[in-house]
Each structure stands twice: as C-alpha cells, then as structure tokens.
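Structural characterization, general
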Amino acid sequence: MSGPTIREVARPAETPPSGLTAAQVAERVADGRTNATTVRTSRTVGHIVRSNVFTVFNGLLTALFVVVILTGRWQNALFGGVVVANAVIGIVQELRAKRTLDRLAVLNAPRARAVRDGAERELPVADVVLDDLLELQAGDQVPADGVVRSSAGLTVDESLLTGESEPVPKAPGDAVMSGSIVVAGSGRAQTTAVGDDSYAARLATEARRFTTTYSELVAGTNRLLRGIALMLVLVGPAVLWSQFQTDENEDWRDAVTGTVAALVGMVPEGLVLLTTLAFLVATVGLARRSTLVQELPAVEGLARVDVVCLDKTGTLTHGDVRFDRLVGLDGATSDGEVPRVLGMLAAADGANATAAALAHAFPADGRPLASVPFSSARKWSAVRTGDGVTWVLGAPEMVLPAPAGREEAAARARADALAAEGRRVLLLARSRHEPVLVDGDAGLPDGLVPVTLVLLAERIRDDAAEVLRYFTDQGVALKVISGDNPRTVGVVAATVGVPGVRGAGDAVDARTLPEDDGGLADAMEAHSAFGRVTPHQKRAMVRALQSRGHVVAMTGDGVNDALALKDADIGVAMGNGSPATRAVAQLVLLDGRFAHLPDAVAEGRRVIANIERAANLFLVKNIYALVMALITVATLSAYPLAPIQLTLISTVTIGVPGFFLALGPNRRRYVPGFLHRVLRFSVPVGLITGAAAYGGYAMARWLEPESGIEGARTVATVVVLVVALWTLVILARPLTAWKAALIGAMAAIAVGVVAIPSIGEDVVLLVVTPDALLLAGALGATGALLVELATRMFSASPSSADTAAAAPPGR
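Bear in mind that the values here come from a model prediction, so they are computed numbers and not experimental data. (Residues numbered from 1 in each chain as written. Predicted model: local features only at pLDDT ≥ 70, side-chain atom pairs only at ≥ 80, totals over all residues. Heavy atoms only, no water.)

Quick notes on the overall build of the chain
How we decide: A run of H or I in DSSP counts as a helix once it spans at least four residues, and a run of E counts as a strand once it spans at least two, with each numbered from the N terminus. Note on definitions: a residue-residue contact is assigned when non-hydrogen atoms from the two residues lie within 4.5 Å. Method for areas: the Shrake-Rupley scheme with a 1.4 Å probe, in which residue coverage is limited to the protein chains shown.
If you tally the helices and strands in the chain, you get 28 helices and 23 strands. Long-range pairs, those at least 24 residues apart, make up 74% of the contacts in the chain with a sequence separation of at least 6. Accessible surface for the chain amounts to roughly 32,400 Å². Of this, 58% is attributable to carbon and sulfur atoms.

Section: the environment of G405
Here is the rule we go by: Burial status follows relative accessibility: with a 1.4 Å probe on protein chains alone, a residue under 20% of its type maximum counts as buried, one over 50% as exposed, and anything between as partly exposed.
The topology assignment puts G405 in the loop between α14 (396-399) and α15 (406-419). Overall, G405 belongs to the partly exposed group, its relative accessible area being 27%. Distance in space between the C-alpha atoms of G405 and V449 is 9.7 Å, their sequence separation being 44 residues.

Comments concerning the packing of helix α18 (residues 517-526) against helix α19 (residues 535-547)
Operational definition: Axis angles are defined between N-to-C directions and span 0 to 180 degrees, where every axis is a line fitted to C-alpha atoms and, for a helix, only to the segment in contact. Orientation labels follow simple angle bins: below 35 degrees gives roughly parallel, above 145 gives roughly antiparallel, 65 to 115 gives roughly perpendicular, and whatever is left gives oblique. Under the convention adopted here, Pro, Cys and the residues Ala, Val, Leu, Ile, Met, Phe, Trp and Tyr are nonpolar, Asp, Glu, Lys and Arg are charged, and Gly plus all remaining residues are polar.
One way to put it is that α18 packs onto α19 with a least axis distance of 9 Å and a crossing angle of 85 degrees. The pairing of α18 with α19 is recorded here as roughly perpendicular in orientation. Across the interface between the two elements, D517, L520, A521 and M524 of α18 pack against A540, M541, A544, L545 and S547 of α19. Class assignment of the residues belonging to the contact of α18 with α19 gives a composition of 7 nonpolar, 1 polar and 1 charged.

Looking at the side chain of K379
Cut-off, in case you're wondering: Just so you know, the count uses Lys and Arg for positive and Asp and Glu for negative, and it drops His and the chain ends. Should a side-chain nitrogen of Lys or Arg be within 4 Å of a carboxyl oxygen of Asp or Glu, the pair is scored as a salt bridge. For this analysis, a polar contact is any N or O atom pair within 3.5 Å, provided that within protein one partner can donate a hydrogen and the other can accept it, and provided that sequence-adjacent residues contribute only side-chain to side-chain pairs.
Within the fold, K379 resides in the loop between β11 (370-372) and β12 (380-384). Salt bridges are absent for the buried K379, whose nearest opposite-charge side chain, D484, sits at 8.5 Å. In this structure the side chain of K379 is engaged in a polar contact, spanning 3.2 Å, whose partner is the backbone oxygen of V533. Leaving out residues up to four positions away in the same chain, K379 has contacts with F374, G394, A395, M398, G483, R532, V533 and T534.

Some remarks on α15
Spelled out, the test is: To estimate how far a helix should reach, multiply one less than its number of residues by 1.5 Å. For this quantity, the arc is that covered by the directions from the helix axis to the C-beta atoms.
Under the 1.5 Å per step criterion, the end-to-end length of α15 is 20 Å for 14 residues, consistent within 8% with the ideal 20 Å. For α15, the set of buried residues is E408, A411, R412, A415, D416, L418 and A419. One face of α15 carries all of its buried residues, which in axial projection span an arc of 165 degrees. Buried residues along α15 sit against β10 (322-328), α14, β14 (424-431), β17 (449-457) and α17 (486-495).

Overview of the sheet that holds strand β18 (residues 477-481)
Selection rule: For two strands to be treated as a pair, DSSP must find at least two bridges joining them.
Strand order in this open sheet of 8 strands is β8-β23-β22-β21-β9-β18-β20-β19, and the pairing throughout is mixed. Strands at the two margins of the open sheet, each flanked by one partner only, are β8 (291-293) and β19 (508-509). Strands in contact with α17 are β18, β19 and β20 (529-531); relative to β20, the strand with the most contacts, it is inclined by about 150 degrees.

A look at the nonpolar core
This is how it is decided: Joining through side-chain atoms within 4.5 Å is the link that ties buried Ala, Val, Leu, Ile, Met, Phe, Trp, Tyr and Cys residues into a set, and such a set is a nonpolar core.
Membership of the largest hydrophobic core comes to 132 residues, with the highest contact counts inside it found for M266, L302, L316, F471 and Y639. Beyond its immediate sequence surroundings of up to four residues, M266 is in contact with I228, M231, L232, V235, N622, A625, L626 and A629.

Section: the sheet that holds β10
Strand order in this open sheet of 6 strands is β10-β17-β14-β13-β12-β11, and the pairing throughout is antiparallel. Two strands bound the open sheet, and with one partner strand each, they are β10 and β11. Adjacent strand axes in the sheet meet at a mean angle of 20 degrees, parallel and antiparallel pairs treated alike. Relative to β14, strand β13 (residues 390-394) runs antiparallel, the two sharing 5 bridges. If you follow V392 over to β14, its bridge partner there is A429. Seen against the sheet, helix α13 (residues 353-361) touches β10, β13, β14 and β17 and runs at an angle of roughly 75 degrees to β10.

Topic: the pattern of salt bridges
Close approach of charged atoms lets side chains of opposite charge pair. One pass over the full model with this rule turns up 34 salt bridges. Across the salt bridge formed by R733 and E788, the nearest N and O atoms sit 3.0 Å from each other. Note that R733 is positioned in the loop between α25 (708-732) and α26 (737-755) and E788 in helix α28 (residues 770-794), a separation of 55 residues in sequence. With respect to burial, R733 and E788 carry one shared label: buried. Using a relative accessible area of 9% as the deciding quantity, one classes E788 as buried.

Regarding the confidence of the model for the chain
Put simply, the rule reads: A residue's pLDDT is the confidence the predictor assigns to it, expressed on a 0 to 100 scale.
Looking at the chain as a whole, its pLDDT mean stands at 83, while 90% of the residues score no less than 70. When mean pLDDT is compared element by element in the chain, α26 scores highest at 95, while helix α6 (residues 199-206) scores lowest at 54. Contacts of residues 1-9 to residues separated by more than four positions or lying in other chains number 18 contacts, the stretch itself having pLDDT below 50. Taken as a whole, residues 204-212 scores under 50 in pLDDT and shows 19 contacts with residues more than four places along the chain or in a different chain.

Here we look at a nonpolar patch on the surface
The condition is simple: Patch construction takes residues with relative accessible area above 30% that form no salt bridge. Like charges are linked within 9 Å, and nonpolar side chains (Val, Leu, Ile, Met, Phe, Trp, Tyr) are linked within 5 Å.
Together, F65, V66, I69, L70, L240, F244 and W252 line one region of the surface with nonpolar side chains, adding up to about 660 Å² of accessible area. If you list the elements that add at least two residues to the nonpolar patch, you get α3 (56-71) and α7 (216-245). A total of 4 residues in the nonpolar patch trace back to one element, the largest contributor, which is α3. Residue placement: W252 occurs in helix α8 (residues 252-265). The class of W252 is partly exposed, set by a relative accessible area of 39%.

Quick word on the pairing of strand β21 (residues 552-556)
Test applied: Classification remark: right-handed applies to a crossover when, strands pointing away from the viewer, the course from the first strand over the helix to the second runs clockwise.
Counting buried residues in β21 gives 5 out of 5 residues, a clear majority hidden from the surface. Where burial is concerned, the two faces of β21 agree: the one with V552, M554 and G556 and the one with A553 and T555 are both buried. Where strand β9 (residues 307-310) meets β21, 4 bridges bridge the pair, whose relative direction is parallel. Across the sheet, residue V308 finds its bridge partner in β21, namely A553. For β21 and strand β22 (residues 570-574), the ladder comprises 4 bridges, and the chain directions are parallel. The residue bridging G556 from the neighbouring strand is A573, located in β22. Regarding the hand of the β-α-β motif, the stretch spanning β21, helix α20 (residues 562-567) and β22 is right-handed.

Section: the packing of aromatic side chains
Where we set the bar: Geometry of aromatic contacts follows a simple scheme: Phe, Tyr and Trp rings, the Trp one being its six-membered ring, pair when their centres are within 6.5 Å, and the pair is stacked under 30 degrees between planes, edge-to-face over 60, tilted otherwise. A ring is considered to have a charge above it if a Lys NZ or an Arg CZ atom is located within 6 Å of its centre and within 35 degrees of its normal.
Inspection of the entire model under this criterion finds 4 aromatic pairs. Taking the centre distance of 5.0 Å and the plane angle of 75 degrees together, the rings of F323 and F362 count as edge-to-face. You can see F323 sitting in strand β10 and its partner F362 sitting in the loop between α13 and β11, a full 39 residues away along the chain. For F323, a relative accessible area of 24% translates into the label partly exposed. We classify F362 as buried; its relative accessible area is 9%. Where Y694 meets Y697, the ring centres are 5.9 Å apart and the plane angle is 40 degrees; that geometry is what we call tilted. With a gap of 3 residues between them, Y694 and Y697 both fall in helix α24 (residues 674-703), about one helical turn apart. Here Y694 falls in the buried class, since its relative accessible area comes to 13%. Between the NZ or CZ atom of R378 and the centre of the ring of W380, over which it lies, the distance is 5.5 Å.

Observations concerning unusual backbone geometry
Each neighbour pair has its own omega, and for R733 with P734 the value is -5 degrees, a cis peptide bond. With phi around 60 degrees, S290 is a residue other than glycine that occupies positive phi space. For S290, a relative accessible area of 25% translates into the label partly exposed. Despite not being glycine, L765 has its phi angle at roughly 65 degrees, a positive value. Along the polypeptide, L765 turns up in the loop between α27 (757-760) and α28. A relative accessible area of 26% places L765 in the partly exposed class.

Shown next as structure tokens:
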C-alpha cells in the first residue's frame, strides 16, 4: 500500500518574528487547530477491555457455557469461571501496565520551542498550533508541517518519510515535513498543517508505531491459534454427530455434555492471556529500572539479538564532552584570536555536545558575517569573520584531507598521535577564501592553514566494561561505530574490552570501506571498531549485518544515530539523547545508563523461555483432547471426560502452574525455532496422554461395566492427572525449591479432590473405587514413563529447556 502523498505547502499569512500573541493562540486552540492527534501509541481503556472480553474463544466458551446450563448439570459449567477469570486478570494487569508506562512516557515526551509574544517558549508538541513560529535546531524532529521563515544552514533528513537518503538544505520559503530530522544548522518555520492533517500523522495512521516490531512468539502463537480454530471447525461437528449416535449416552444431555467437553478441551483458554501478561510484566519490570519500552514485542526482540552496534559518545562514554586544552601549531594561541573564533563557532552551532563544551569555555564575542553549521556527514563547521578570514573547525583528516605542505603534514601527524592516546581531537584552520559550493552543499575553502588543535575530554562509563563483558559471554558480537577519529575509537574500544580490538590501530576508517553491500558485510563481519562513520554509513552497516542473517540492536543518542536506530531490529536510545533518536527507538534508557541493557536482554529471554513452557502445556492439552475426540468419532463411544473433569485437569496441570511458570525467573539463552520446538514436544506427549486416557476409559468399561460411564471417566481423569503432572515436572526442570513447591501443591490439590467425596463425587462427578484407582495408577505411571522417553527422543533434553546463562551485571 502506498503512503500518503506529500502535499504542497500553502502560503499562509506570514507570522511576524515575534510569533503569535496569546489571543491568537487561544483562538486556534478553541477552533481545534492544535497539534494533538488521534494517533495513539498505546491502547485505550476501552480497547483493552474489548480485546480481553470479545475474543473468538471467549465467545465459543460462553456459548458452550449457556448450552451446558440448559442441561441442568451446573457442575459442568464451571469452566465459565475460567473465561471470567482470564478476562478480569488480563484487564487488570494491562491497565496497571498502561498506567505505569503512560507515566513513564511523559518523561520521554517530545517538546517543541515556539516563539510567542516575542519570547521563545518550550511546550509539549501537542500544544503547538497552526501558524506557530517554531525554533528548529540540530537534533530536533520537526513536530508539524511548515514553511521555513529563516535559515542558518538548516538541513533536514527526510528519509524516514520519503526514503530519500540525502539531507536536504532548507532556505526561507521551503517546506519542512513533520517527522523529518534536523541534522545541521538552525532556523525558524511557520506551521502550515498540524495534528491529523500533518504528514507524519497521516503516515502513522497507516503504520502504527506499536505494531512494527516482529515477534517470533506472537507469530508462532497466532499460527497455533489459527490451527486450533481450524481443528475446532472440522472436528466439532463430527464429535457432536458421534455423541448423538453412540449408545453409551442416555439422552441429549449426555450427548451435549460430551460434545462440550471435547470442544472445551481443544480451546487454549489461557495461552493468549499468559503471552500478554509475560510481555506486560517484563515491560513494567524494565520501567522500574528507568527503561521505557515503546513497543511490547521489543522485549522479546532483544533476546534474539546477536549483534549490538554501539555508538561511542554517550553510550560507552558519558555524553558530557568537556574542553581539555589547546595545542598550538603556529603560535596563534598566544593572543585572543583563537578563543574569540572558537566562541563564534560554538555560538553559531550550539546544538551539539562539542559546541556546548566550547561555548562553556569560550563565551561568544562578536558575530560572524556568515557560518556553515556542523553536520555529521561533512564533520566540520565554519565561520567567516569581519576581517575576511574563514575559520574551519572539524575532524583533522576532514579539514586537511590531503596535506600539501610540511605544516599541514605536521598538524595531521600531531593530531593522529593525540588521537592514538584516546583523545578527541579537532583541528582549527583558517583561510582567506570563502567556502565553496560542492553538489549543493558547502565545501572547504582553498588555502587552509592549520592553526590549533582543540582537545576535548570524555569520560568512559564505569559500567561499560562489565556490560560489554556480559554480552561477550552471551555470544553477542559487539561493533563500535562512531563518527570520531578511528584511533580514538580504537583506544576507547580496547579500554572497555571489545573483542578483537587491542588499540588505536585496530579500528577501521569508514572512509576506506567498500560501498557494495557484499563487501561492506564482509568488513562488518571481520572487524569490531569503526571510526569516521557517517549517518548513512551507520544505516548501511546495520543493513549489511542484517543481510547476513544477524538480529541487530543499535544504541545511540545523537541525531546521527537516528536512521540506524530506525532500521535496526531493535533501536535503543539514551534518555538524554536527541528528540529524533528517542522518537524512533523501541527502547529508551531514560536515565541514560547503558547498564540497563543487559536487564532488558534478560527480560526478553525470560519472556521467550517461559511462554514456550506455557505454550507446551496448553498445546499438550489441545492435542490429547483432539486425540480423544477423534477416537470417540471413530468408535462411536462417549467422550472419556466430562467438562468439570477437564476444568479440574486444566486448573491444576495447566492454568495455575502455567501462570507462575510464565512469570517466574528464567535465564535460558534464546534458541530460534519456537513453534517447531513446541510442536516437537507437544505432539508426542499429547498423543501418549490422549491414548492413555482413552485406554483407561475403555478398560474400565470392559473390566467394570457396572460402574458405568462415570466410573470409566474417573479412571480417565486420574490417568490424565498423573501424566499431565509428570509433564509439568519435565517442563519445570531444572527443579528449584519454588517449582517443586508449586508442583507439590498442584498434586496435593488433585489428591484432595479425588479423596474428598463431597468434592470428588458431588462436584467433579467422580466415582472413586480402589479398583479404579489401581487401574488408573498403573496406566498413569506407564503414560508418564512413555512421556519421559518421548521427550528425550523427540525434543531437546529437559535440562536444556532451562540452560542458565550468566546473570546481568549487578545481579
């Protein structure tokens, strides 16, 4: 489906430089001309209630509940309580999670700067109104469509909206689209379309943010549910026909009861609930650690990651870049010229961390005649002063790409030597010429003479080495990709323990990388640290790794990371990062602590491993219910279990233990093939359980015909309880104290129900005799032994289902 078209920007009456007045803003708010949208990134309360109540399986179970009530046998209708309990638990837990996440999302909500009544004000993006005069600077995501009124090198990247990869310079009168990212310069734009009329809102209507991350669990569970639904459609009518044809049922009530039991057994009434709850509990748990999950399946996605791409600044190091010192190259540091120029450069480009550090050290003194703002693509900025000198500040190898003389070569060599010590180095150079225009962008002036090296200091995060060690131990490859000097990147990467990086010489200069996809993928596989990487190279690197089958997570904080974060399987932004980066990320580390990332990986692994357990439990029940249904159709016999007996079995062997196992701790590493493994386990176990249950029913009918259907169903019930409880033991391995206590409690409940006549006979409709228990015990033990052998033969060993991985740092 094609996306919304880009509308031509109408030419509205021009808002004056002082912005709208308070009265004009109030008028637009009253008319509804604000930037509030109907596009939501979380579900409403009504949606939550509807999604938990009005489901296909709930509708089927409710209809079966009504049918059973009509038979007058209230005990067999107790499964209706499961429907109510599932809906209530799901609604309550999701509402609690929604409140927690919504409160946390407020901390991450984007802000806009608008000029009103002559003063610049910061306000929520939703409070922007039509004709507002917005202040834009590098790192911002444009909040509404508009037309540029003033530009100081304003350059935006529209690739998230249009797919065009090159940044677009914007001059007064040009259009800017909501959702585009300011990558360089600054300017002001007057809004021309807000709220649902803006381009980004129309785009979001077609692709909701919270449904974009692929989830193997959700996809696998949905395939299971579609298969079960098809099974119900095909088998249900046949079971109904067989129950009316058999001589074992005395009247229509028996036939209806048997049919309901078969259908209830094939409905996975709690699987969707447990899957949702596992995601929600993980999300809320991460929220308590200041990690905002903007897309629920992203929790699972992190567990599947096998490559983490790391930006250096703000991820491995603290984002607070500080000025260190000047290293003069021609004696110019002895007078006030260099500090004055550095103050001008910082004031003209104050949106990034480097400019902020310089502005703190060198207060602005005077204004330049013209300026070229810094961009991550060209990696330099420039000002032209009133005396006709152009000053350029940037990466030494970009400012002097081909040293022509001895001074230039000496400057480059000195810069390289300092970078090899792990220092962040900039070069200040001057020229009498103006910057030139190259392919529509500013180019370096001729005759540049190196003047001073500017050294900046960064602090490596205390927990960086420990976090990277955790990922290395987990078999996750690490790739440091930075726009900084390759030597500096290599030293920092070696300091924090990135495998394969021993020092400054091990980092690759991204300018030397091949441009073809295959060559870039080979380079990414072979090396672990890269410097002088442009924003679009970061994006290409992510795609190259994905082309080799890797699941890639990208972390970053700057606007130069936004495109790569958007394309990565999982984008992780720092909470102190640019608004654009936070907007496109699936996870936001609100307090900027890189150490939270292993916690997120651990939560994802817990979700995957525990939902797999729950899916195994539910699918085993569906399969043995299907096996018994098919046998009854083939033999024209009564269904071996009554609905109340299935309710007992489901409660003590699936529902309650599945709930605790789905939410309990689990450090098993991610292994692909969720659906395949579930089927390999569930199909043989379900076949054995179903055959043992029907075998017990048939043998009881043959050995003790006087006990009737009730006596035979008692044997079948106990057989299923024994085999299902042993299946629970297998799935809970390795057994810990809490798991053993859980299984013991479930077994005690089952024994209590069978042993207490007022419950077993009056409620669960059992006819308990010593002979029945002896027969059921023998068949149950045989079935449990066969299940043990089958799981060892057809699926992974039980112990491997819970292979412990290392705990995240700090645990």
